[in-house]
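What follows is each chain in one-letter form.
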Amino acid sequence: MTVNLEVAEGVGTIRLDRPPMNALDVATQDRLKELAEEASRRDDVRAVVIYGGEKVFAAGADIKEMQRMDHAGMVVRSRALQESFTAVARIPKPVVAAITGYALGGGCELALCADFRIAADDAKLGQPEILLGLIPGAGGTQRLARLIGPSKAKDLIFTGRMVKADEALALGLVDRLAPAAEVFSEAHAWAAKLAQGPAIALRAAKEAIDTGLETDIETGLAVERTWFAGLFATEDRERGMRSFVEEGPGKAKFQ
């Protein structure tokens, strides 16, 4: 399989495994969607890490495969392409991308689907589609602009240039840098910590934030209000408040 799901300590690692560069061909895209949906369903998966291995995250789409497609074929395929990435973005649990080597084109777009990005200090990221006479097609024009702002996104997309890890951090494209050998362990530790948190509240927080970014503030506030009140029906809320009153903050053990 070109993508695999392994679970440990409540963390599901979705691992790209298509050497040498993890090119995202059609089969890989479809498998990614399948495993993202599985991670969403499984109760033993409380948080997710997206990882491409020690050498490369994903260097983009399979260009040779795309070259054989005509307009009619891509009209059909482009929806499935976006849906595979959207399945990752909609995982209702915390998701962190562990980025080593290159995250270019579709690889960068996949990283954008995560809630948090930890990159190797020698990683390189970018959206080079313009150099092929194309634009990003797996969400890059939308998620990148929402993450770092339209002007910075246009700079990267219009020029197709790669950015080194330190610039990616300054742009807000990634959230933390680590030595390449430690990227996965840091990402897994971040996810494992959140996996111990209140699952429904984490889901609520993610949905409220993501929905709010896609709509007007009044709608976003309504979503927040609905989730906030709804959480008062959960055992985790009772456990968290009781622990706070009896033991002080930050000591609750959630189920």
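Anything mentioned here points back to the structure above.
Small disclaimer: the values here were computed from a predicted structure and weren't measured.

Caption draft 1: The packing of helix α9 (residues 199-213) against helix α10 (residues 217-230), seen in detail. Their axes nearest at 8 Å, the elements α9 and α10 cross at an angle of 170°. In terms of orientation, α9 and α10 fall into the roughly antiparallel class. Within the contact between the two elements, α9 uses Ile-200, Ala-204, Glu-207, Ala-208, Thr-211 and Gly-212 and α10 uses Gly-220, Val-223, Glu-224 and Trp-227. Residues belonging to the contact of α9 with α10 are distributed by class as follows: five nonpolar, three polar and two charged.

Caption draft 2: Structural context of the packing of helix α5 (residues 140-148) against helix α6 (residues 150-159). Packing of α5 against α6 brings their axes to within 7 Å, and their N-to-C directions diverge by 135°. If you check the angle between α5 and α6, you find them oblique. Seen along the crossing, α5 lies across α6 with a hand that is right-handed. Contacts from Gly-140, Thr-141, Leu-144, Ala-145 and Ile-148 of α5 reach α6 at Pro-150, Lys-152, Ala-153, Leu-156 and Ile-157.

Caption draft 3: Highlighting a nonpolar patch on the surface. A cluster of nonpolar side chains, namely Met-21, Tyr-102 and Met-162, defines an oily patch on the protein surface of about 250 Å² accessible area. The topology assignment puts Tyr-102 in strand β5 (residues 102-104).

Caption draft 4: Representation of the nonpolar core in the model. Among the nonpolar cores identified, the biggest contains 59 residues, and Phe-57, Ile-99, Leu-125 and Leu-173 are the most heavily contacted of them. Among residues more than four places away in sequence, those in contact with Leu-125 are Ile-99, Ala-103, Leu-104, Arg-161, Met-162, Val-163, Ala-168, Leu-173 and Val-174.

Caption draft 5: Representation of the sheet that holds strand β3 (residues 47-51). Spatially, six strands are ordered β1-β2-β3-β4-β6-β9 in an open sheet, and the strand pairing comes out mixed. Looking at strand neighbours, the two that pair on one side only are β1 (3-8) and β9 (176-178), the edges of this open sheet. Averaged over all adjacent pairs, the angle separating strand axes in this sheet is 20°, with direction ignored. Helix α1 (residues 26-41) rests against β1, β2 (11-16) and β3 of the sheet, and its axis sits at about 25° to β1.

Caption draft 6: Structural view of the side chain of His-188. Take His-188: it is sitting in helix α8 (residues 183-195). Relative accessible area serves as the criterion here: at 13%, His-188 is assigned to the buried category.

Caption draft 7: Layout of α8. Between its first and last C-alpha atoms α8 spans 18 Å; for 13 residues at 1.5 Å apiece the expected length is 18 Å, and the two agree. Considered for burial, the residues of α8 that qualify are Val-183, Ala-187, His-188, Ala-191, Ala-192 and Ala-195. Projected down its long axis, α8 carries its buried residues within an arc of 155°, all on one side. Among the structural elements, β1, β2, β3, β4 (95-99), β6 (116-120) and β9 are those in contact with the buried residues of α8.

Caption draft 8: How the structure looks around the sheet that holds strand β7 (residues 124-126). Spatially, three strands are ordered β5-β7-β8 in an open sheet, and the strand pairing comes out mixed. Across the chains shown, the open sheet's two edge strands, defined by having one partner strand only, are β5 and β8 (162-164). Neighbouring strand axes in the sheet, compared pairwise and without regard to direction, differ in orientation by 20° on average. Bridge analysis of β7 against β8 gives three bridges, and the strand direction is antiparallel. Bridge pairing in β8 links Lys-124 to Lys-164.

Caption draft 9: Structural context of the packing of aromatic side chains. Tallying each qualifying case throughout the model produces three aromatic pairs. Where Tyr-51 meets Phe-184, the ring centres are 4.6 Å apart and the plane angle is 35°; that geometry is what we call tilted. Of the two residues, Tyr-51 is situated in strand β3 and Phe-184 in helix α8; the sequence distance between them amounts to 133 residues. Classification of Tyr-51 by relative accessible area gives buried; the value is 9%. For Phe-184, a relative accessible area of 26% gives the class partly exposed. Ring centres 5.6 Å apart and planes at 70° place the aromatic pair Phe-228 and Phe-232 in the edge-to-face group.

Caption draft 10: Highlighting the pattern of salt bridges. By the definition in use, this model includes 13 salt bridges. Across the salt bridge formed by Glu-38 and Arg-42, the nearest N and O atoms sit 2.9 Å from each other. Under the relative-accessibility criterion, Glu-38 is labelled partly exposed at 23%. We classify Arg-42 as partly exposed; its relative accessible area is 27%. One connected set of salt bridges, linked through shared partners, spans Arg-18, Asp-25 and Asp-62.

What counts, and where the lines are drawn
Residues numbered from 1 in each chain as written. Predicted model: local features only at pLDDT ≥ 70, side-chain atom pairs only at ≥ 80, totals over all residues. Heavy atoms only, no water. Axes fitted to C-alpha atoms, helices over the stretch in contact; angles between N-to-C directions. Helix = DSSP H or I, 4+ residues; strand = E, 2+ residues; numbered from the N terminus. Parallel < 35°, antiparallel > 145°, perpendicular 65-115°, else oblique. Contact = heavy atoms within 4.5 Å. Nonpolar A, V, L, I, M, F, W, Y, C, P; charged D, E, K, R; others polar. Left-handed = near helix turned anticlockwise from the far one by under 90°. Patch = residues over 30% accessible without salt bridge, like charges linked within 9 Å, V, L, I, M, F, W, Y side chains within 5 Å. Areas by Shrake-Rupley, 256 points an atom, 1.4 Å probe, with all protein chains shown as cover. Salt bridge = Lys/Arg side-chain N within 4 Å of Asp/Glu carboxyl O. Core = buried A, V, L, I, M, F, W, Y, C linked by side-chain atoms within 4.5 Å. Buried < 20%, exposed > 50% of the residue type's maximum accessible area, 1.4 Å probe, protein only. Pairing = 2+ DSSP bridges. Expected span 1.5 Å × (residues − 1). Arc of directions from axis to C-beta. Phe/Tyr/Trp six-rings, centres within 6.5 Å; stacked < 30°, edge-to-face > 60°.

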